[in-house]
2 protein chains.
Amino acid sequence: MTLVQGGVCAAKGFKASGIHCGIRANRTKKDISLIFSEKNASCAAVYTTNLVKGAPLTVTKENISDGYAQAVICNSGNANTCNSDGIEIAKKMCSLVSEALGIDSHDVVVASTGVIGQKLNIEPIKAGIPLLVSALSKDGNEAAAEGIMTTDTFKKEIALKFTVGGKECTIGGMAKGSGMIHPDMATMLVFITTDVAISPEMLQKALSTDIANTFNMVSVDGDTSTNDMVTVLANGMAGNSPITDDGEDFQAFMKALNTITVSLCRMIAGDGEGATKLLECTVSGASDKNTAKTVAKSIICSSLLKAAMFGADANWGRVLCAIGYSKADVDVNKIDVAFKSSKGTVEVCKNGSGIDFSEEKAKQILLEKEIDILVDLNSGKEEATAWGCDLTYDYVKINGDYRT
Amino acid sequence: MTLVQGGVCAAKGFKASGIHCGIRANRTKKDISLIFSEKNASCAAVYTTNLVKGAPLTVTKENISDGYAQAVICNSGNANTCNSDGIEIAKKMCSLVSEALGIDSHDVVVASTGVIGQKLNIEPIKAGIPLLVSALSKDGNEAAAEGIMTTDTFKKEIALKFTVGGKECTIGGMAKGSGMIHPDMATMLVFITTDVAISPEMLQKALSTDIANTFNMVSVDGDTSTNDMVTVLANGMAGNSPITDDGEDFQAFMKALNTITVSLCRMIAGDGEGATKLLECTVSGASDKNTAKTVAKSIICSSLLKAAMFGADANWGRVLCAIGYSKADVDVNKIDVAFKSSKGTVEVCKNGSGIDFSEEKAKQILLEKEIDILVDLNSGKEEATAWGCDLTYDYVKINGDYRT
């Protein structure tokens, strides 16, 4: 596998664009994006488990129920959720895209992100879609990645080349974070495009399998959003023999997909609202995978630990505390804890009790931008990783007055 | 019922004291407290469900397994948790109290609160206990309430008089908050004293029943502490006919106990680390009690909503979002939401969708120190209340470097 430029436009046959159409007051901020595939593509998606679902998710689910899609339209600045006319507006967005591109309106994936419960005005979108279509280009990936940002501080995109059955294939993706992030079966907004030939069924299987260890292991603030969605479009233009079962080709695709999703997870966690640090917690020595995942996620979600990491304070008691209330069945007297970064590793707890360590060395390690929290349960061979970020003054600032 | 002064000393036969013995470096901060009952008392307790349990809880549980206790010793500044010699130190605290008071060491409740995983030095405690005993007085309640404070900004105590079977009885309590608060079957440290005559079994029943709707409905930061404990001592000196079954007298006691626990819950939530506001969320119209409780607690735990409340921002979409991911089975299209304070009430959501409201009025309401979040599920007759606080810069500050 080789990393390449181009994000969602890297794969053959995909173009994208992103513009400011007027949903946001700030004219320097893009607020709508379009992705288009030359050929109708296999499409898979996973959605938030929040009972309060954004109207665009309901419309997307219906549109791609046949397993295919050809375009993605996504606005930022307004989530189109908890609005009495939400479904109508989301459908209107699809029909406008369908008219402008000359495709079936049921081949459109629609998504919205931003504030909940304020009506989404269709007028700026109506005016914007023709502009988006004429702006579609092979270099449009960056503009598209910008158009879906809310409180994100940087664009999140990645692409890579890999081989399936001797054919060179490409996969790319873009994502938006960065608050209300604690996915459960799905996550934030992520759009992945690939030119692999794969059946809708196998594409869905790949995505559903992958997110259990990737997007569902990310948490910024414990709040599962109403508009979380991940979609993958696979248009088959790489020319590989279509993947229709769980063989070597499928595994090659899974591996490429996983590289994309893990990269996007790390970007999303590291750019959590107000975050100054990416936290990666790896729990090893678990008796089963589920225990490892439960423990890792509980640690990454602890407000107390997140605040300690912001302060570069090696307060490992909070790691133990978070393990203890995780509901996982662990022997607390066997737990080892260490903190690691590019500055080195410091062991702080052995067999559930504190050990002597250099506070100075710990401080040096924890002042870095990427911190690994290493937990060994010493009870088996399974492991899991979860991603999160520190809790900072800026998280409070950003969320203390998000709407104004 | 009438509120009275005196906290844990208000009931007949109880004395208390609190001093600085040297566990904390800051000599102006008290760090150890003692409560003593003239007569051996019925004793009930509930403990944290965290698998990582403070050594003092293990020792207390063993000591009061016969249903009786006569003294409470509690230090702040160190939790005596995750230390290899924790049990030994906690037992030593009991034997020192037993010697100084001339009581059985198994009649001592021991508790510790503060940082986890640093060894607790017995020497200052050894020197302090004789001083604590000689300082015991009927006016010692305030000093005792101070001695158990960690990041609390004010002493938490309350007492009241009530009648059981024609006899005037008294009940009082003290508590410490204020971070790592998200109780599950038990909570923070709370010590309640009463002169009611009641069997240990009925006292335990009263406490276990009560906490399900009081302490277990409080959350400051979603972190369930390792050292949570609530104990009640009832020494029978009021002279009422002992309560041994679930009759009128038991109900009178339950009511008095509930008044004490709800008051302490409100104090703990309102003094949550860094908090500027007390949030009280009442969910009504639920099909069953459990649904009401689940929804109320999910709302009170949302970091996003807590930050919005700090910013006095009527971002009700975050209330809907928190209901949606609570796992409660609700019809989101029936939900009404309003915010209320001493400045009035503003309705913001009807049938799951936003309604027009005055942002100015909402701001005025939300700038107050006590905010009610009113949610009507419109699906039944059950209701529940949960207590929490806003998420502020100071929460991050306090927890960014708690140990130093």
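Residues numbered from 1 in each chain as written. Chains lettered and ligands numbered in written order. Predicted model: local features only at pLDDT ≥ 70, side-chain atom pairs only at ≥ 80, totals over all residues. Heavy atoms only, no water.

Novice: Let's hear about the overall build of chain A: which residues, and what values?
Specialist: Across its full length, chain A carries eleven helices and 15 strands. Taking 404 residues into account, the globule formula puts the C-alpha radius of gyration at 22 Å, and chain A, at 22 Å, falls close to it. Across the 404 residues in chain A, those meeting the buried criterion constitute 63%. Pairs at least 24 residues apart make up 80% of the contacts formed inside chain A by residues separated by at least 6 positions. Placing the 39 positive and 48 negative side-chain charges of chain A at their respective mean positions leaves the two points 3 Å apart. (Helix = DSSP H or I, 4+ residues; strand = E, 2+ residues; numbered from the N terminus. Rg over C-alpha atoms; globule rule 2.2 N^0.38 Å. Buried < 20%, exposed > 50% of the residue type's maximum accessible area, 1.4 Å probe, protein only. Contact = heavy atoms within 4.5 Å. Lys, Arg positive; Asp, Glu negative; His and termini not counted. Charge placed at Lys NZ, Arg CZ, Asp CG, Glu CD.)

Novice: Give a description of the relation of the copies chain B and chain A that names residues and reports values.
Specialist: Superposing chain B onto chain A takes a rotation of 180° combined with a translation of 0.0 Å along the rotation axis, leaving an RMSD of 0.0 Å. The relationship between the two copies is best expressed as a two-fold rotation axis. When C-alpha distances to the rotation axis are compared across chain B, the minimum falls at tyrosine 393 of chain B, with a value of 2.5 Å. When the interface residues of chain B are mapped onto chain A, 100% of them again lie at the interface, so the same face is used by both copies. (Least-squares fit on C-alpha atoms with pLDDT ≥ 70 in both.)

Novice: Pulling in residues and values, what's your account of the environment of tyrosine 393 of chain A?
Specialist: With respect to the helices, strands and loops of the structure, tyrosine 393 of chain A is situated in helix α11 (residues 393-400). Through-space distance from the C-alpha of tyrosine 393 of chain A to that of glycine 274 of chain A is 7.1 Å; in sequence the pair is 119 residues apart. Apart from the residues lying within four places of it in its own chain, the contact partners of tyrosine 393 of chain A are Phe310 of chain A together with Tyr393, Val396 and Lys397 of chain B.

Novice: Report on the sheet that holds strand β12 (residues 344-350) of chain A, specifying residues and quantitative values.
Specialist: Working definition: the strands of a sheet are paired by backbone hydrogen bonds and lie parallel or antiparallel to each other. Residue and element names in this part refer to chain A. Spatially, six strands are ordered β13-β12-β11-β14-β10-β15 in an open sheet, and the strand pairing comes out mixed. Among the strands making up the open sheet, the edge pair consists of β13 (353-354) and β15 (382-389). Inspection of the sheet shows strand β10 (residues 278-286) paired to strand β14 (residues 370-376) by seven bridges, in the parallel sense. From the neighbouring strand, threonine 282 faces β14, where its bridge partner is leucine 374. (Pairing = 2+ DSSP bridges.)

Novice: Got a sec to walk through the pattern of salt bridges? Specific residues and values, please.
Specialist: The tally for this structure, following the rule as stated, stands at 20 salt bridges over all chains. Ionic pairing is found between lysine 161 of chain A and glutamate 168 of chain A, a salt bridge with its closest N-O pair at 3.8 Å. Taking the relative accessible area as the measure of exposure, lysine 161 of chain A reaches 26% and is therefore partly exposed. The salt bridge involving glutamate 146 of chain B is made with lysine 30 of chain B; its shortest N-O contact spans 3.0 Å. With glutamate 146 of chain B in helix α4 (residues 141-147) and lysine 30 of chain B in the loop between β2 (14-19) and β3 (32-47), this residue pair connects regions lying 116 residues apart in the sequence. (Salt bridge = Lys/Arg side-chain N within 4 Å of Asp/Glu carboxyl O.)

Novice: How would you sum up the interface of chain B and chain A? Please name residues and give values.
Specialist: At the interface, 56 residues of chain B touch 56 residues of chain A. Between chain B and chain A, roughly 4,300 Å² of surface is buried when both sides are summed, and carbon and sulfur atoms account for 56% of that area. At the junction of chain B with chain A, the criterion picks out zero salt bridges. Inspection of the chain B/chain A interface yields 14 residue pairs in polar contact (both at pLDDT 80 or more). (Buried area = accessible area lost by both parts, 1.4 Å probe. Polar contact = N/O pair within 3.5 Å; in protein donor to acceptor, adjacent residues only side chain to side chain.)

Novice: Run through the sheet that holds strand β14 (residues 370-376) of chain B, naming residues and quoting values.
Specialist: All names here are of chain B. In space, the six strands of this open sheet follow the order β13-β12-β11-β14-β10-β15, with mixed pairing throughout. Here the strands that pair on one side only, and so sit at the sheet edges, are β13 (353-354) and β15 (382-389). In the packing of helix α10 (residues 359-366) onto the sheet, the strands contacted are β11 (336-341), β12 (344-350) and β14, and the crossing angle to β12 comes to about 120°. (Axes fitted to C-alpha atoms, helices over the stretch in contact; angles between N-to-C directions.)

Novice: Please set out the pairing of strand β4 (residues 68-76) of chain B residue by residue, giving values where relevant.
Specialist: Residue and element names in this part refer to chain B. Within β4, eight of the nine residues are buried, which leaves it mostly tucked inside the rest of the structure. In the sheet, β3 pairs with β4 via seven bridges, with the strands oriented antiparallel. Looking at the pairing, leucine 34 lines up with isoleucine 73 of β4. Bridge analysis of β4 against strand β5 (residues 108-113) gives six bridges, and the strand direction is parallel. Across the sheet, the residue bridging to asparagine 75 is serine 112, located in β5. In this region the chain leaves β4, passes through helix α2 (residues 86-101) and returns to the parallel neighbour β5; the handedness of that crossover is right-handed. (Right-handed = clockwise from strand over helix to strand, strands pointing away.)

Novice: A description of helix α1 (residues 55-63) of chain A should follow, citing residues and the corresponding values.
Specialist: For α1 of chain A, the complete set of buried residues consists of Ala55, Pro56, Leu57, Val59, Thr60 and Asn63 of chain A. Against β3 (32-47), β4 (68-76), α2 (86-101), β5 (108-113) and β9 (229-234) of chain A lie the buried residues of α1 of chain A.

Novice: Any details on α10 of chain B? Residues and values, ideally.
Specialist: Among all positions of α10 of chain B, only Ala362, Ile365 and Leu366 of chain B are buried. Buried residues along α10 of chain B cover an arc of 90° about the axis, so they all sit on one side. (Arc of directions from axis to C-beta.)

Novice: Report on the confidence of the model for chain A, specifying residues and quantitative values.
Specialist: Averaged over every residue, the pLDDT of chain A is 92; the share at 70 or more is 97%. Two numbers describe this predicted complex: its pTM, 0.81, and its ipTM, 0.79. (pLDDT = per-residue confidence, 0-100.)

Novice: Please give an account of the packing of aromatic side chains that cites residues and values.
Specialist: The final tally for this structure, using the stated rule, is five aromatic pairs over all chains. Look at tyrosine 393 of chain A and tyrosine 393 of chain B: their rings are 6.3 Å apart centre to centre, the planes differ by 75°, and that puts the pair in the edge-to-face class. Of this pair, tyrosine 393 of chain A sits in helix α11 while tyrosine 393 of chain B sits in helix α11 (residues 393-400), placing the two residues on different chains. Residue class for tyrosine 393 of chain A comes out partly exposed when judged on its relative accessible area of 31%. Here the aromatic rings of phenylalanine 162 of chain B and phenylalanine 253 of chain B are separated by 6.3 Å at their centres, their planes lie at 40°, and the arrangement is tilted. (Phe/Tyr/Trp six-rings, centres within 6.5 Å; stacked < 30°, edge-to-face > 60°.)

Novice: Give me the packing of helix α5 (residues 200-211) of chain B against helix α6 (residues 248-270) of chain B: which residues, what numbers.
Specialist: Residue and element names in this part refer to chain B. Taken N-terminus to C-terminus, the directions of α5 and α6 make an angle of 45°; their axes are 10 Å apart at the nearest point. Here α5 is positioned oblique relative to α6, judged by the angle of their axes. Remark: the crossing between α5 and α6 carries right-handed chirality. Contact with α5, carried on its side by Met202, Leu203, Lys205, Ala206, Leu207, Thr209 and Asp210, involves Phe250, Phe253, Met254, Leu257, Asn258 and Thr261 of α6 and no other residues of that element. Grouping the constituent residues of the contact of α5 with α6 by class yields eight nonpolar, three polar and two charged. (Parallel < 35°, antiparallel > 145°, perpendicular 65-115°, else oblique. Left-handed = near helix turned anticlockwise from the far one by under 90°. Nonpolar A, V, L, I, M, F, W, Y, C, P; charged D, E, K, R; others polar.)

Novice: Talk me through a negative patch on the surface; I want residue IDs and the actual numbers.
Specialist: Taken together, Asp288, Asp329, Glu382 and Glu383 of chain A make up a surface patch of like negative charges. You can call aspartate 288 of chain A partly exposed: its relative accessible area is 32%. (Patch = residues over 30% accessible without salt bridge, like charges linked within 9 Å, V, L, I, M, F, W, Y side chains within 5 Å. Areas by Shrake-Rupley, 256 points an atom, 1.4 Å probe, with all protein chains shown as cover.)

Novice: I'd like to hear about the environment of alanine 44 of chain B, residue by residue, with values.
Specialist: Residue and element names in this part refer to chain B. Mapped onto the elements of the fold, alanine 44 is located in strand β3. For the pair alanine 44 and leucine 233, spaced 189 residues apart in sequence, the C-alpha to C-alpha distance is 6.9 Å. Each residue touching alanine 44, except ones within four places of it in the same chain, is listed here: Leu203, Gln204, Leu207, Val230, Thr231 and Val232.

Novice: Residue-level account of unusual backbone geometry, with values.
Specialist: Of note in this structure, cysteine 82 of chain A is not a glycine but carries a positive phi near 60°. Mapped onto the elements of the fold, cysteine 82 of chain A is located in the loop between β4 and α2. A residue is classified by how much of its surface remains accessible, and cysteine 82 of chain A, at 11% relative accessible area, is buried. In the Ramachandran plot, lysine 327 of chain B falls in the positive-phi region, its phi being about 75° despite a non-glycine side chain. With respect to the helices, strands and loops of the structure, lysine 327 of chain B is situated in the loop between α9 (317-324) and β11. We classify lysine 327 of chain B as exposed; its relative accessible area is 65%.

Novice: Outline the packing of α1 of chain A against α2 of chain A, listing residues and values.
Specialist: Residue and element names in this part refer to chain A. Where α1 meets α2, the closest approach of the two axes is 8 Å, and the angle between their N-to-C directions is 55°. As far as their axial angle goes, α2 and α1 are oblique. Where α1 crosses over α2, the handedness of that crossing is right-handed. In contact with Ala55, Pro56, Thr58, Val59, Glu62 and Asn63 of α1, α2 contributes Gly86, Ile87, Ala90, Lys91 and Cys94. Partitioned by chemical class, the residues of the contact of α1 with α2 number six nonpolar, three polar and two charged.

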